[in-house]
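These are the residues of each chain, in order.
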Amino acid sequence: MSLKQTLDRLYNTYDFKERILHDPIEFPHQYKRPEDIEVSGFIASCFAYGRVDLFKPVVKKILSTMGESPYDFLVNFNLTRHGRLFSGIKYRFNENNDIICLLYVLNRALKRYKRLDVLFKLHCWNDDQNIGIGLTGFVESLLSTDTSPVYGKNTKTMGFLQFFPSPQKGSACKRMNLFLRWMIRDRDIDFGIWKGIPKNKLVIPLDTHIARISKCLGFTKRASQDWKMAVEITEALKWFDPEDPLKYDFALCHQGISKICSKMNCKECDFNPYAGNARL
């Protein structure tokens, strides 16, 4: 069986709906309105690092505090009146004020642009190789917000900046690319509510699972899990589906998350015959 046949079999037989409960995409799937899907997805993706069972309770607490419509809550967010509702919430690198500042920045962006996709598309061009330029501009715009109402001075703490990685700084931007996949892809469990951006402009959300499997399959020889590696893997996947290369992402990533594919069981892995010398 060729590598393309193996990948397509994995994709075509994968139980996407069952794995939703083991993925941060579970949160935006709880909403119907596009504007609620967008902002809940952004918040969920911001915390999607570390163990799923550790960050999911944090996201759940934040979104449940916002009520039935996270979009309406954020548009009407008042730092003095609503900020204290999130008191005590923190997660790993993100202190309580960093989380409150994230909500404040989203409030400022939504007040000005109504939707996050409007802001993102201001920085996209049709001849861009991928969404890297658009993502860089999107992040820079959000980071230009004056944070002094939260911190007492216009500063950007390390915990706050951790929410906003940028391709310009070489980051793989796993969480941002995850959010963009949710918003732009219109198949399987992704939402496709951001119109006008081709699916093949997306860059794979690169984490340790995708990096390990991609090295095994010969999609990349790079050592650093950075933006260049993410682009290289995405370009390799275009050999199998030029229009929708990220269709394989969810299933491949969850091969690692569920430990079906790991260093411990490499000999039993379906991909093992292609390890190290996959032919594109």
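Quick summary incoming for the structure in this document.

**Describing the packing of helix H3 (residues 34-46) against helix H7 (residues 96-113)**
What describes two packed helices is the angle between their axes and the distance between those same axes.
Point 1. Between H3 and H7, the least distance of the axes is 12 Å, while the angle of their chain directions is 150°. One way to sum up the angle between H3 and H7 is to call them roughly antiparallel. Here H3 runs over H7; the crossing is right-handed. Between H3 and H7, the contacting residues are Val39, Phe42, Ile43 and Cys46 on the first element and Leu102, Leu103, Leu106 and Leu110 on the second.
Point 2. Of the residues in the contact of H3 with H7, the class split is eight nonpolar, no polar and no charged.

**Some remarks on helix H4 (residues 52-65)**
Helical periodicity: at 3.6 residues per turn, an α-helix aligns residues three or four positions apart in one direction.
Point 1. Along its 14 residues, H4 runs 20 Å from first to last C-alpha, staying within 8% of the 20 Å computed at 1.5 Å per residue.
Point 2. Taken together, the buried residues of H4 touch H3, helix H5 (70-75) and H7.

**A word on the side chain of Asp249**
Point 1. Mapped onto the elements of the fold, Asp249 is located in helix H15 (residues 249-257).
Point 2. Note on Asp249: relative accessible area 2%, which makes it buried.

**Quick notes on the packing of aromatic side chains**
Remark: the centre distance and the inter-plane angle together describe each pair of aromatic rings, the angle taken between the planes.
Point 1. Applying the stated criterion to the full structure yields 21 aromatic pairs.
Point 2. The interplanar angle of 65° and the centroid separation of 5.6 Å between the aromatic rings of Phe120 and Phe138 together place this pair among those described as edge-to-face. A residue pair is termed long-range when its members are at least 10 positions apart, and Phe120 in helix H8 (residues 116-121) and Phe138 in helix H9 (residues 132-143) qualify at 18 residues. In terms of burial, Phe120 and Phe138 fall into one category: buried.

**Concerning the pattern of salt bridges**
It is possible for side chains of opposite charge to pair when their charged atoms get near one another.
Point 1. For the coordinates displayed, the defined rule picks out 21 salt bridges.
Point 2. The residue Asp117 makes a salt bridge to Arg115 at a minimum N-O spacing of 3.8 Å.
Point 3. Asp117 gets classed as buried once you look at its relative accessible area, which sits at 9%.
Point 4. For the salt bridge of Asp117 with Lys121, the shortest nitrogen-to-oxygen distance reads 3.7 Å. With a gap of four residues between them, Asp117 and Lys121 both fall in helix H8, about one helical turn apart.
Point 5. Salt bridges sharing common partners tie together Arg181, Arg185, Arg187, Asp188, Asp190, Asp244 and Asp249.

**Describing the nonpolar core**
Point 1. Counting 95 residues, the largest nonpolar core has Phe42, Phe47, Ile62, Leu135, Phe164 and Trp194 as the members making the most contacts within it.
Point 2. Counting residues per element, this core draws most heavily on H7, which supplies 11 residues.
Point 3. Look past the residues within four positions of Leu135 in its chain and what remains in contact with it is Phe120, Pro167, Cys173, Met176, Asn177, Leu180 and Trp227.

**Examining empty space enclosed by the protein**
Point 1. Inspection of every chain in the model, using the stated rule, returns one cavity of 30 Å³ or more.
Point 2. Taken as a whole, the largest cavity spans an internal volume of roughly 30 Å³.
Point 3. Every residue lining the largest cavity is listed: Phe16, Arg181, Arg185, Asp188, Ile189, Asp190, Leu246, Lys247 and Phe250.
Point 4. Residue composition of the lining of the largest cavity, grouped by class: four nonpolar, no polar and five charged.

**Quick word on the environment of Ile213**
Point 1. Examined against the element boundaries, Ile213 turns out to sit in helix H13 (residues 208-216).
Point 2. Through-space distance from the C-alpha of Ile213 to that of Leu252 is 7.7 Å; in sequence the pair is 39 residues apart.

Criteria and cut-off values
Residues numbered from 1 in each chain as written. Predicted model: local features only at pLDDT ≥ 70, side-chain atom pairs only at ≥ 80, totals over all residues. Heavy atoms only, no water. Axes fitted to C-alpha atoms, helices over the stretch in contact; angles between N-to-C directions. Helix = DSSP H or I, 4+ residues; strand = E, 2+ residues; numbered from the N terminus. Parallel < 35°, antiparallel > 145°, perpendicular 65-115°, else oblique. Left-handed = near helix turned anticlockwise from the far one by under 90°. Contact = heavy atoms within 4.5 Å. Nonpolar A, V, L, I, M, F, W, Y, C, P; charged D, E, K, R; others polar. Expected span 1.5 Å × (residues − 1). Buried < 20%, exposed > 50% of the residue type's maximum accessible area, 1.4 Å probe, protein only. Phe/Tyr/Trp six-rings, centres within 6.5 Å; stacked < 30°, edge-to-face > 60°. Salt bridge = Lys/Arg side-chain N within 4 Å of Asp/Glu carboxyl O. Core = buried A, V, L, I, M, F, W, Y, C linked by side-chain atoms within 4.5 Å. 1 Å grid on protein atoms, 1.4 Å probe; cavity = no way out; pocket = protein on both sides within 12 Å on 5 of 7 lines; lining within 4 Å. Points joined across faces, edges and corners; volume = space filled by probe spheres on them.

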